[in-house]
Amino acid sequence: MQPVGPYRFTHMLGTCPAGKAWAAIDGQGRFVTIAVLNAAVANTPGWREAFVGAANSLAQAPGGQTFAYADFSAPEPWVAYPAEAGPGAERLFRALGQDYQPVPAEGGASAPVSGIPQQVSGVPHQVSGIPQQVSGVPQLTSGPPPAPWALHAGPPVVPDPAPAQPVADEPQPPAIPSTDVAPPHDPFAGPVRRIRPSEPPKRRTGLWVKVAALALVVAVGSGVGVWALTSDEPAGPSAPPTVGATAFPTAAAVDPPLKPWAQAAPYSPEERALAVAAPALIFVETVFTGYVRDASTNAPVRATPITFTRRCSAFVVTPDGHALTSSACVKPTQETVRQIALDTVARMLVREQTLLPAQVQEYVRTNMGKTTFTGIDPGTEPGTEIRGQLNTAKGNLTTEPAIPAQVVRALPPETGNVALIKLAQGSLPVAELNPSATLAEGSSLLILGFGTADDDFRTATYRPRSKLVGITGTGRRGSVSISRINQDLGTSSHGGIALDPSGRVAGMIDQDQARPDRANRVIVPSSTLNALIGEAGTANKLGDSDQLYRKALDAYFAGQHSAAIAQFDGVAQASPGNLLAKAYRQNAVERQQNESEPSDESVWPMVLLAGAGGALSVGLVVLVVMLVRRRRDV
């Protein structure tokens, strides 16, 4: 069975009662192994969920196996693993507790196949309601099952029926005497026969002709019915692509920094929520420049200006470029900027070897009350430059694609710590707020923000990250209620998004000021964000391209690939920064191409078997009728 995905099957690797493992190749010539769950098993309550759970458990376990692509909503769900990572498909079936049997390299019958277990091993939770036996799935037999190719050898040959034997009590016709030998004398024989033998039954040639015609009609009809039912299913394994094949994409592949289908189970609510909101995420970098001065004399502590940088996340809320982020990132308090400036001066002194590293904190604490941080002139604000970047971001970038921004309105830490900024560019993807979202303790949230794995702060690259977290408690910032979560995405994730299941903004990620490490484990509710936008004289609303993008996602997740492709095209033209629109368009094109490929797996064996079964049914009915009539004649 050819899955709905960017792969071509080459040969079968192994089988088990729940499915099959295939070797395949993608459009770039990379080899994968694919585990395909049988349709009958997938339709059994609990098995599709167990298949998804086993794949995700393997991907998340230490030393586990991450899949490259999957489609858990297909009639026959499948998971693809990179071939270089090992036998991923085999590992998945064995994690499900299946008796996996590799296909022999050359001829020979496969080993007996065990039945489907009641409990799926390797999955965090036991799957309830799984039947002990699944109709249509191979069960354990007393002997080895037929070789795979036996299924394609045609219908079983039925021997001709043996001629009917005479009934013991029925009078028999007399034997014909030979003309060469005289019959023996019968003293009891008379001139007239007293008992007349029954006439032999007439041959019902017409009846048998009708029966044969009826059996032929039923056989052909059954075969055509099976062919009609199977013709709409996905195509079977295709031959490996040859040189010059036209199945490879002609356009450059789109590689978005966040792939929702890889972050969550494909076609799941989590994938769709990430796909809806991720394009609106913005990386923000704020550069502060000023002078540390003696508070009593206004004399600079250092002759050269002091520069430091703050990095965080944000998300666009209006089509003309308004975005929400953390005040601590773009407009921190005077105490905060002075503390950071003094820390910068102290580390300069360490490099100059006039201060020991262990004395840095004491230097900052001692000078906090003796200094100020100002602009070029005493009493002025330090210089501030804010820039935002979509998708993949680079630190210290001052040119395109970095977008200049400025602060419109900001709330101090004690009343929310939320800021509204205005980017100098429109037609950006917009996130939709959900002001009525409920952040209940014990519930889960999907968070989205920027992070980096680079050690060098100056040249670090930042990409969107996501994580499913739990709400552990609540608190307050003045009149604002906040929620605390059990995990975070890193130091630059404050200003990021907390999503509800529909992909709307339930809140904003911010620093937990009550923690010593000030980790980004607080969620400011969306109602506070919406109020700040209103105070600034604007409103959260989606643009035309944002609405079209959501319609395109609806079509994509519904399997309406033609409509999705056309709509994603419109989004990409109206909002070039939305890389996910281009990526999902590419996915839709690949899926549409795969669904339209003809099947190489012959359906004639199934057709012939169905026809033979229909003819056998007719034969049984006719036999019963003949026996009943014969009894009546007797």
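Heads up: the structure comes first, above all this text.
Caption draft 1: Molecular detail of the overall build of the chain. For the chain, the count of helices and strands is 14 helices and 20 strands. Per-residue burial over the chain gives 42% buried out of 634 residues. Of all intrachain contacts in the chain linking residues separated by at least 6 positions in sequence, the fraction that spans at least 24 positions is 67%. Total accessible area on the chain is roughly 33,700 Å²; 57% of this is exposed by carbon and sulfur atoms.

Caption draft 2: Representation of helix α10 (residues 526-535) within the structure. All of the buried residues in α10 are S526, T528, L529, L532 and I533. All buried residues of α10 fall inside an arc of 160° around its axis, so they share one side. In the stretch just after α10, G537 is the one whose phi turns positive, near 80°.

Caption draft 3: Region of the structure containing the packing of aromatic side chains. Following the criterion strictly, the structure yields 19 aromatic pairs and no others. Look at F288 and F308: their rings are 5.1 Å apart centre to centre, the planes differ by 20°, and that puts the pair in the stacked class. A residue pair is termed long-range when its members are at least 10 positions apart, and F288 in strand β7 (residues 281-294) and F308 in strand β8 (residues 306-316) qualify at 20 residues. The class of F288 is buried, set by a relative accessible area of 4%.

Caption draft 4: Spotlight on the state of the cysteines. By the definition in use, this model includes one disulfide. Note that C312 is cross-linked by a disulfide to C329, the S-S spacing being 2.1 Å. Since a negative S-S torsion denotes a left-handed disulfide, the C312-C329 link at about -85° is left-handed. Of this pair, C312 sits in strand β8 while C329 sits in helix α7 (residues 327-330); the two residues are 17 residues apart in sequence, bridging distant segments of the chain. Pair check on accessibility: C312 and C329 agree, each one buried.

Caption draft 5: The arrangement of the packing of helix α6 (residues 269-277) against helix α11 (residues 544-557) in detail. At their nearest, the axes of α6 and α11 sit 10 Å apart, and the two run at 155° to each other. Between α6 and α11, the interaxial angle falls into the category roughly antiparallel. Note on packing geometry: the crossing formed by α6 with α11 is right-handed. The residues of α11 that touch α6, namely those facing E271, R272, A275 and V276, are Y549, R550, L553, D554 and F557.

Caption draft 6: Up close: the sheet that holds strand β1 (residues 7-16). With antiparallel pairing, six strands are arranged side by side in an open sheet as β4-β5-β3-β2-β1-β6. The open sheet is flanked by β4 (69-71) and β6 (101-102), the only strands paired with a single partner. In this sheet, strand β5 (residues 78-82) lies alongside β4 in antiparallel orientation, the contact comprising three bridges. Residue pairing in the sheet places A70 in a bridge with V79 of β5. Contacting β1, β2 (19-26), β3 (31-37) and β5, helix α3 (residues 88-95) runs over the sheet at an angle of about 25° to β3.

Caption draft 7: Main features of the packing of helix α8 (residues 334-351) against helix α9 (residues 360-367). The geometry of α8 relative to α9 is characterised by a closest axis approach of 9 Å and an angle of 135° between their N-to-C directions. When the interaxial angle is binned, α8 and α9 end up oblique. Crossing of α8 over α9 shows right-handed handedness. Along its contact with α8, which presents Q339, L342, D343, V345, A346, R347, L349 and V350, the element α9 presents V360, Y363, V364 and N367. In the contact of α8 with α9, the residues fall into eight nonpolar, two polar and two charged.

Caption draft 8: The pairing of strand β16 (residues 461-477), seen in detail. Both strand β12 (residues 393-394) and β16 contribute to a ladder of two bridges, which runs antiparallel. Within the sheet, the bridge partner assigned to A393 lies in β16 and is Y462. Relative to strand β17 (residues 480-485), β16 runs antiparallel, the two being bridged by six bridges. Its bridge partner being in β17, R477 is matched across the sheet by V480. Following β16, the chain reverses through two residues before pairing antiparallel with β17; G478 in that reversal takes a positive phi of roughly 65°.

Caption draft 9: α3, seen in detail. When we look at burial in α3, the residues that qualify are G88, A89, L92, F93 and A95. Seen along its axis, α3 keeps its buried residues to an arc of 160°; they face one direction. Turning to α3, the residues buried within the fold contact β1, β2, β3, α2 (47-60) and β5. Directly beyond the C-terminal end of α3, a positive phi value near 80° is found at G97.

Caption draft 10: Focus on the side chain of S492. Tracing the chain through its elements places S492 in the loop between β17 and β18 (497-499). Note on S492: relative accessible area 4%, which makes it buried. In this structure, S492 is in contact with R311, C312, S313, F450, G451, Y462 and N520, ignoring residues within four places of it in sequence.

Caption draft 11: Inspection of the side chain of S575 at higher detail. Within the secondary structure, S575 is located in the loop between α12 (561-574) and α13 (579-596). Residue classification places S575 among the buried residues on the basis of a relative accessible area of 1%. When sequence neighbours within four positions are dropped, the list of residues in contact with S575 reads S427, L428, P429 and S545.

Caption draft 12: Layout of the pattern of salt bridges. Evaluated as defined, the whole model comprises 18 salt bridges. Note that R521 is salt-bridged to D488, the shortest N-O span being 2.9 Å. Here R521 is found in the loop between β19 (505-510) and β20 (522-525), whereas its partner D488 is found in the loop between β17 and β18, with 33 residues between them in sequence.

Caption draft 13: Up close: unusual backbone geometry. Between E400 and the following residue, P401, the backbone shows a cis peptide bond with an omega angle of 10°. Position of P401 among the secondary structure elements: in the loop between β12 and β13 (403-410). In this structure, Y267 is a non-glycine residue whose phi angle is positive, near 70°. Mapped onto the fold, Y267 is located in the loop between α5 (260-263) and α6. Despite not being glycine, N298 has its phi angle at roughly 65°, a positive value. By the element assignment, N298 lies in the loop between β7 and β8.

Rules used in this analysis
- Residues numbered from 1 in each chain as written.
- Predicted model: local features only at pLDDT ≥ 70, side-chain atom pairs only at ≥ 80, totals over all residues.
- Heavy atoms only, no water.
- Helix = DSSP H or I, 4+ residues; strand = E, 2+ residues; numbered from the N terminus.
- Buried < 20%, exposed > 50% of the residue type's maximum accessible area, 1.4 Å probe, protein only.
- Contact = heavy atoms within 4.5 Å.
- Areas by Shrake-Rupley, 256 points an atom, 1.4 Å probe, with all protein chains shown as cover.
- Arc of directions from axis to C-beta.
- Phe/Tyr/Trp six-rings, centres within 6.5 Å; stacked < 30°, edge-to-face > 60°.
- Disulfide = S-S within 2.5 Å.
- Axes fitted to C-alpha atoms, helices over the stretch in contact; angles between N-to-C directions.
- Parallel < 35°, antiparallel > 145°, perpendicular 65-115°, else oblique.
- Left-handed = near helix turned anticlockwise from the far one by under 90°.
- Pairing = 2+ DSSP bridges.
- Nonpolar A, V, L, I, M, F, W, Y, C, P; charged D, E, K, R; others polar.
- Salt bridge = Lys/Arg side-chain N within 4 Å of Asp/Glu carboxyl O.

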